[in-house]
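# Descriptive structure summary
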Amino acid sequence: MKIAQIAPLIESVPPNAYGGTERVVSYLTEALVGLGHDVTLYASGDSVTSAHLVAVVERGLRLDPRRPDWLTWTTQMIDQVFESAPRFDLLHFHIDYLHFPLARRCKTPSVSTLHGRQDLPDLGPLYRHFREQPVVSISDSQREPLPDANWCATVHHGLPVDLYRFHPTPGDYFAFLGRLSPEKRVDRAIQIAIGCGVPLRIAAKVDPADRDYFETVVRPLLAHPLIDYIGELEEKDKNDFIGGARALLFPIDWPEPFGLVMIEALACGTPVISYAGGSVPEVLEHGVTGYIVNDHQQAVAAARRIDLIDRRRCRQAFEQRFTATTMAERYLEVYRALIRH
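First, a word on scope: everything that follows refers to the structure included in this document. Here the structure is a predicted model, which means the values were calculated and not measured.

A separate point is the overall build of the protein. When helices and strands are tallied, the protein shows 13 helices and 13 strands. The globule rule puts the C-alpha radius of gyration for 341 residues at 20 Å, and the 20 Å found for the protein is close to it. Overall, the protein is about 60 × 40 × 40 Å in size when its C-alpha atoms are taken along their principal axes. Looking at the protein as a whole, 57% of its 341 residues qualify as buried. The contacts in the protein between residues at least 6 apart in sequence include a share of 65% that link residues at least 24 apart. Carbon and sulfur atoms make up 50% of the accessible area of the protein, which totals about 14600 Å². Seen as two clouds, the 36 positive and the 43 negative side-chain charges of the protein have centres 2 Å apart.

Here it is as structure tokens:
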């Protein structure tokens, strides 16, 4: 099958550090190539892939000191994709909905995976207007705000099976990995760690939009002796960082569409303590791969008994449900159905 994968241009594929969507696009692309398919990846020029790379910009836009306009370059990429569309059996987009007007006029089948939150008020009318456009959710909960969208499948994210190794014996700290944003609630993670008297290591980036939150809410909390703020980690450092933790703290305060870091933790054998919300009950099995909590008191109680979770069961859950090959095979089912249609 000849497949085009169209990635965001914000980060390289895979990203050097934080970048959930681009990371998933990389894992999917490599798994499809491994399964024998002819894949072309539209992405930034610093991307690394075994597929055919069409480099739309020289490097991921977030790290380009010239601060290029992402919409300008994404518009050019979309035009390139549809100009080449007859070469492909299917186009797979990961850029939200910007391509919809051209996709509805294109004979080549296409599908769009929605990677972000879908509870924004203007999205309902948009997906009703483009109700024929097939879309994939990354969790069932992600679909709830858009009942009129043309959902054709839910495909959970997956990781290469050998990307993270199993860590049977953790160190004596909790880990927080992700963005320092209001919805990720690192302040809750800090409170949990302090409540347990256990060190917390924070590896996270601060987006410009979250700078005020970081300075006013987070920075004053970093002075506590139990808190170690590392900054943004490179991919090569995540294995030991996550795998060495007694638990990953994921105290979200929003309808999490998926939460890639949760399955990264499971791949290491590290259990997860998460507040309930969005996809969390679809990814975690309470009492088996971690604990799902509703408030600070429950979170501290769960953290204190985290050693009751069998780390081997966490790794097994990853291998059974969340590998890149499983993800790719599920997407191939979607592709074939759309081509037949």
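Quick look at the pairing of strand S11 (residues 247-250) now. Across the two faces of S11 the burial is the same, with Ala 247 and Leu 249 and Leu 248 and Phe 250 all buried. In this sheet, S11 lies alongside strand S8 (residues 174-179) in parallel orientation, the contact comprising 2 bridges. Bridging across to S11, Ala 175 finds its partner in Leu 248. Sheet topology places S11 next to strand S12 (residues 272-275); 3 bridges connect them, and they run parallel. Its bridge partner being in S12, Leu 249 is matched across the sheet by Ile 273. Traced from S11 through helix H9 (residues 260-268) to S12, the parallel crossover comes out right-handed.

Another point: a nonpolar patch on the surface. Taken together, the side chains of Ile 10, Trp 70, Leu 71, Tyr 97 and Leu 98 present a nonpolar region at the surface, about 410 Å² in accessible area. Checked against the element boundaries, Trp 70 lands in helix H2 (residues 70-83).

Glancing now at the packing of aromatic side chains. If you walk through the whole model with that rule in mind, you get 8 aromatic pairs. Relative to Tyr 127, the ring of Phe 100 lies with its centre 5.8 Å away and its plane at 80 degrees, an arrangement referred to as edge-to-face. On the criterion of sequence distance, the pair formed by Phe 100 in helix H3 (residues 100-103) and Tyr 127 in helix H4 (residues 123-129) is long-range, its members being 27 residues apart. In this pair, the class of Phe 100 matches that of Tyr 127, namely buried. Arranged with centres 6.2 Å apart and planes meeting at 75 degrees, the rings of Phe 258 and Phe 322 form a pair that is edge-to-face.

Our focus in this paragraph is the environment of Gly 287. Structurally, the position occupied by Gly 287 is in the loop between helix H10 (280-283) and strand S13 (290-293). The class for Gly 287 is partly exposed, based on a relative accessible area of 40%. For the pair formed by Gly 287 and Ala 302, sequence separation is 15 residues and the distance between their alpha carbons is 9.3 Å.

On to helix H1 (residues 20-34), then. Look at H1: 21 Å from first C-alpha to last across 15 residues, which is about the 21 Å you get at 1.5 Å a residue. Burial analysis of H1 places 11 of its 15 residues in the buried class, the great majority of the element. Buried within H1 we find Thr 21, Glu 22, Arg 23, Val 24, Val 25, Ser 26, Tyr 27, Leu 28, Thr 29, Ala 31 and Leu 32. The inward-facing, buried residues of H1 contact strand S1 (2-6), strand S2 (38-43), strand S4 (90-93), helix H8 (235-243), H9 and helix H13 (324-340). One or two residues past the end of H1 sits Gly 36, with phi positive at roughly 95 degrees.

Rules used throughout
- Residues numbered from 1 in each chain as written.
- Predicted model: local features only at pLDDT ≥ 70, side-chain atom pairs only at ≥ 80, totals over all residues.
- Heavy atoms only, no water.
- Helix = DSSP H or I, 4+ residues; strand = E, 2+ residues; numbered from the N terminus.
- Rg over C-alpha atoms; globule rule 2.2 N^0.38 Å.
- Buried < 20%, exposed > 50% of the residue type's maximum accessible area, 1.4 Å probe, protein only.
- Contact = heavy atoms within 4.5 Å.
- Areas by Shrake-Rupley, 256 points an atom, 1.4 Å probe, with all protein chains shown as cover.
- Lys, Arg positive; Asp, Glu negative; His and termini not counted.
- Charge placed at Lys NZ, Arg CZ, Asp CG, Glu CD.
- Pairing = 2+ DSSP bridges.
- Right-handed = clockwise from strand over helix to strand, strands pointing away.
- Patch = residues over 30% accessible without salt bridge, like charges linked within 9 Å, V, L, I, M, F, W, Y side chains within 5 Å.
- Salt bridge = Lys/Arg side-chain N within 4 Å of Asp/Glu carboxyl O.
- Phe/Tyr/Trp six-rings, centres within 6.5 Å; stacked < 30°, edge-to-face > 60°.
- Expected span 1.5 Å × (residues − 1).

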